[in-house]
Every structure is written in C-alpha cells, then in structure tokens.
Amino acid sequence: MVGTEKTVIYTNLVRDRSIFLESFKLWTKRLIVIAAIIQFFCFPTSENVLAVLLVIVGWMCTDFFVLNKYTISKYLFSTFIIIGYSITQFFIPIVFTLFEGKPLVYNLKYPSSVFAHSLLALFVLVAAHYVYISLYKSEFFIYLSNRIRLGLAKLSLYKPINDTQGWIIGCVGLMAMLYTFVESNHYDEMLEHKGAWGKFIEGLMIYAYAPYFLLLRPIFDPVIRITKKYNYTPIVLYTVIMIVVGLAGNSRSIFMKGITAVAITYFLGLLINVFSYRIFTPKKILLAVFFILFMSGPLADLGISMVIVRGQRYDTSPVELISRTFDIYSSKDEINLFKKIATKDFHDWDETYFENIFLARFSNLKFNDLSLEQYYKLNNVDVTLQNYSYERTMALFPQPVLNFLGVEIDKSHALQGSYGDLLYYRTKGNGSDFGGFRVGHFAGVGMASFGWWYLLILFILLVPCYFLNDLLFYKIKNSSQLICTLPALISIGSIFLFLGLLSNNIENPIALITYIVRGWPQLIILYILLYHVSRKISNIFTTK
C-alpha cells in the first residue's frame, strides 16, 4: 500500500478474544438448527434425515472440543485445521445446499457412508489433537519446540516483511507462474519432468499472492504502519494481471486461490481478534454482499467459461485462449447449457454436488462418494492400490534422496495419474482411465488401500502435522496477541482445507508423509530464501 506512513507499536487492539468466537459459535449453531429443520421438512427421506443428524453430531463435537478460546490461542493452526474440516464437511453442505434448493444428500449414491466416514475422520482429528496437546505439554516437546523456534527465528522466519518486500516476493511468484506456463503449456502440470528445478519453480508460485496480505498487515506484523491515504491502484492492477495470467494458462485456481486466501485470513483474524469483531457495519455488509454476488455471478461464469475451453489449451496460443474464453463468457447460452449438462450424470464419474464451481472447490462431498463407490465395487483391500500408495509417496521425494535410500521406482509412471484414477481403473479395468487426474478421497482410497487401518494412519500422521503447523505463529511478548508468519498465510487455504481440495492431502492419508518431510520444509526454506533476497533488494530502494 502506498501512502504516508506512521509507525506505532501493535499492542492489544482487542481486549477480549472470545467476543467474535462466541458470536460465531452462536450463529453457526442457529444456522445449522434452522437448516436442519428445513432439510427435515423439505427433504424428509431417511437418508437425508440420517445425514442431517450426523452433521449435527459433527458440529456439536467441533463446538465442544475445538471452538474455545484456550485451544485456539494456544494451538492456533492445528485447531484451524479441525475448524476448516468441520466447516467444509458439515456446515457448508447443510446450509448452502438449501440455497441451491437441494437436499444435503444431493447426487450422493452412498450418503450414509459419506457422512459416517466424515464423522469418523473428525473423531480422529480431535483425538489426534488431544494426544498432540498432551505431548506438547511434556518437557521434551517444550524443549524441542523452543529449540526449533529459536533456529527458525535466527533464520528470520518470524520477522515481518515490509511493503517493498511483499511486492518483490509477489513478482517472483508471478514470474514462476509464467515460467511454468511456458514450459508446460498450462499451470496445472507439476513440471515433474524438470526434476528438482521444476519443483523449485512450482514452490515459488504460491508466493505470487504475497501482495494481497499487505492489506491485512496486523495479522503478521506486530508493528503496524498507519497510512493517512491508501492507494489501492497497484493491488487492483496486480489483480487484473493475475486474472489475465490465469486466463492465458486456463487455470481458474490462479485468481481463486488469492481471493480465498485473503477471505480465510480475514476469518482467522476475526477468530484471534486481530481485526474488529464489529463486522456488521453498513460498509462491511455492503462489501460482503458485493463479494458474494461477484463470486457467485461474474467470477463463477468466468470459471465455467474457462472449463468449457479447457480442451483447447494444449494447441491454442494464450491470446487465442483468452479471446475464446471471453467469447463464451459473453454468450450466456453456452454457459447455461454447460450448467444443465453438468448436472446430469452421463458418466460413471460425476463430480456434481454444488452448482457454484467456486463453492464446490471448498466443499464437494461427491469426491467422498465417488471414492467410496469404487471401493464398494472392489469390496476388499487392493494390493495394487496399496503398492501405488508407497510408490507415489516415494516418488515425490527428490531423486538424490531416493538414490541415497536405494529406492528404485518409476517416478514418471507414479506421478502421471492420481489415486482417483487408479481406484477408478481397478474397478473398470481400462488403462486409458489412468492419467485423467480424477480427485480421489482419503475415505474411499484409504479403505481400498489399507482397510479401516487408514484411520489409524491418519491419526498417527496428524500429530507431527499439528506440531509443524503450530510453529508458524507466535505470541507477542508480554501480550496475549497472536502473530502469524507469512508462509502460514500464503498457504492458509491448504491449512484450512488440510484434508480438502486445496491441499495435496485429500486423496490418501499416507500423503501426509510427503507434507511432513517435503511440503512443510519446502514452504519454509523458500520463504526464508525469498525473505533475505527481497530484503537486500528492498534496502537498495529504501532510504536509510
């Protein structure tokens, strides 16, 4: 942000951290009760009633064990993982299906299993969190945490960036996106054929969103800069560039991740009362209405237009792809026709749950349903899937590490498809199905790979994940105020949806191993590198 700055120490802008939290608990419970009553009366099938009851149990569990001031303030991001899971698996489905005039179990073939597995996974999340908290209070864990935090502090993880650094880091991430597009012809490929260099570039891409967090500085900077006049022109122009880049690469996630990251960060700031809990002001209500209308209207239609032209992205120039996208966007007939076709199950793999494609990125229970459906067709633990779980997990490690460990696997084969592809292939027996990158879900894939043991695997691996994520925030000395690190905010979508579509952990519980040994370290190492490089460049332009 550009303007005349005045630096002040950020002390304790909010006196009571529980004000918004208590309001949030009250209103979510009210909305769930109201939604449940409407679901009971409008869609009184036995499957829908049972699903509603399971949702109520799940939210009650979250409300009682997780949504409290102590747990959030002491174990912020590990708690936020559970909150995000419950919101996306229970709250959003029961409330927002009604907005689309649908029952909770809309288009689910095995609704009872879907919600039963979601509830069991929640129990595992909560139980693992309880064990993690118990371990965290031990002398060993206290010592380990303090030593790691001291080391990370020396590497400048907990130092906030200035505005110039934010823009430098953002531009580096944006250039990584452009490079990925040039090399792979679109943004969704992982550049695995480029090896370590490709993964390095891919890891930088997420930092393209850094400039947006300058608008929410109090959540990551204990020293705030109060500007007399804000100039939003740079961030608006940057957003336009991001949208153009997304259109050129036919990747709606490019601009969607930025919007959702800011929205989730603001919600997190409300929970820890970095931002004012008095959100129901005329200005904020107007902004919220505008945001909802924009997401559900123009932006949703733009996303559908991109999906319609997706098949042309491999043999069409970026300029032509943008032009074709806007042609379809201006033709509402094609968009409406696509919506009608998308709601009909012409194929064995129909992912339709929410009509709004952006809402579906947050909470699509059809992924759960499809994976469980394939598992029930197998009706047993599949050795091929079990072996593939091992191979795919190992394939995500750098080749030098695999060489050192003496592991020989075909990385290109392991990464050319998804767990959803292989699960579907095992029931259909068609090799051409592998490589479509269908989104599997840890319930069905877990059952097919490990049986009910998948819940134990999830339980064990969640504990270190909780520990690592809670290293990404700290308390201001002599204050109860919480400050988040920028890497945590940059990846806030993956934390909030830790077992969801915006992370790499949705398909198989064993994927958490990759997060522990590669995903989290890579996020931190790249940030520390970017911090120091951007700091040096920033010092050149900053008057000392």
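Remember, predicted model here, so these are calculated numbers, not experimental data.

What the rule picks out here adds up to 31 aromatic pairs. Summarising the aromatic geometry, the rings of Tyr132 and Tyr466 are spaced 5.8 Å apart at their centres and angled 50° between planes, so their arrangement reads as tilted. In this pair, Tyr132 sits in helix H5 (residues 111-136) while Tyr466 sits in helix H22 (residues 453-469), placing the two residues 334 residues apart along the sequence. Consider the rings of Tyr158 and Tyr474, whose centres lie 5.6 Å apart with planes at 75°: the pair is edge-to-face. Here Tyr158 is found in the loop between helix H6 (139-154) and helix H7 (163-184), whereas its partner Tyr474 is found in strand E3 (residues 473-475), with 316 residues between them in sequence. Overall, the relative accessible area of 14% leaves Tyr158 in the buried class. Residue Tyr474 is classed as buried on the basis of its relative accessible area, which comes to 19%. Taken together through their ring pairs, the aromatic side chains of Tyr70, Tyr75, Tyr132, Tyr136, Phe140, Phe141, Tyr466 and Phe467 make up a single cluster. For Arg30, the ring lying beneath its charged end belongs to Trp27, and the centroid distance is 4.8 Å. The lysine or arginine in question, Arg149, covers the ring of Phe473, its NZ or CZ lying 5.9 Å from the ring centre.

One can describe the packing of helix H16 (residues 366-378) onto helix H21 (residues 442-450) by two numbers: an axis separation of 7 Å at closest approach and a directional angle of 20°. Here H16 lies roughly parallel to H21, going by the angle between them. Where H16 crosses over H21, the two elements pack in a sense that is left-handed. From H16, Ser371, Leu372, Tyr375 and Leu378 reach across to H21, where they touch Ala443, Gly444, Val445, Met447 and Ala448. Here the residues of the contact of H16 with H21 sort into seven nonpolar, two polar and no charged.

A general feature of soluble globular proteins is that nonpolar side chains tend to end up buried together. In terms of nonpolar packing, the biggest core is built from 154 residues, with Phe77, Phe115 and Ile219 touching the most fellow members. At 13 residues, helix H4 (residues 76-99) tops the list of elements feeding residues into this core. Once residues lying within four places of it in the same chain are set aside, the contact partners of Phe77 are Leu268, Asn469, Asp470, Leu472, Phe473, Cys484, Ala488, Ile492 and Ile495.

Taken as a whole, the chain shows an average pLDDT of 84; of its residues, 85% reach a score of 70 or greater. Low pLDDT (under 50) marks residues 1-15, which in the prediction has 44 contacts with non-local residues, meaning those over four places away or in another chain. The low-confidence segment residues 187-191, where pLDDT is below 50, has 27 contacts with residues more than four positions distant or belonging to other chains.

As enumerated under the stated definition, the model contains nine salt bridges in all. For Asp221, the salt bridge goes to Arg217, with nearest N and O atoms at 2.7 Å. The burial state of Asp221 is the same as that of Arg217; both residues are buried. The closest approach of N and O atoms between Asp382 and Arg426, which form a salt bridge, is 3.0 Å. Separated by 44 residues along the polypeptide, Asp382 in the loop between H16 and helix H17 (383-395) and Arg426 in helix H20 (residues 419-428) bring together distant segments of the chain. Classification of Asp382 by relative accessible area gives buried; the value is 8%. Each of the salt bridges in this network shares a partner with another, and the network as a whole consists of Lys109, Glu373 and Lys377.

Calculation notes
Residues numbered from 1 in each chain as written. Predicted model: local features only at pLDDT ≥ 70, side-chain atom pairs only at ≥ 80, totals over all residues. Heavy atoms only, no water. Phe/Tyr/Trp six-rings, centres within 6.5 Å; stacked < 30°, edge-to-face > 60°. Helix = DSSP H or I, 4+ residues; strand = E, 2+ residues; numbered from the N terminus. Buried < 20%, exposed > 50% of the residue type's maximum accessible area, 1.4 Å probe, protein only. Lys NZ or Arg CZ within 6 Å of the ring centre and 35° of its normal. Axes fitted to C-alpha atoms, helices over the stretch in contact; angles between N-to-C directions. Parallel < 35°, antiparallel > 145°, perpendicular 65-115°, else oblique. Left-handed = near helix turned anticlockwise from the far one by under 90°. Contact = heavy atoms within 4.5 Å. Nonpolar A, V, L, I, M, F, W, Y, C, P; charged D, E, K, R; others polar. Core = buried A, V, L, I, M, F, W, Y, C linked by side-chain atoms within 4.5 Å. pLDDT = per-residue confidence, 0-100. Salt bridge = Lys/Arg side-chain N within 4 Å of Asp/Glu carboxyl O.

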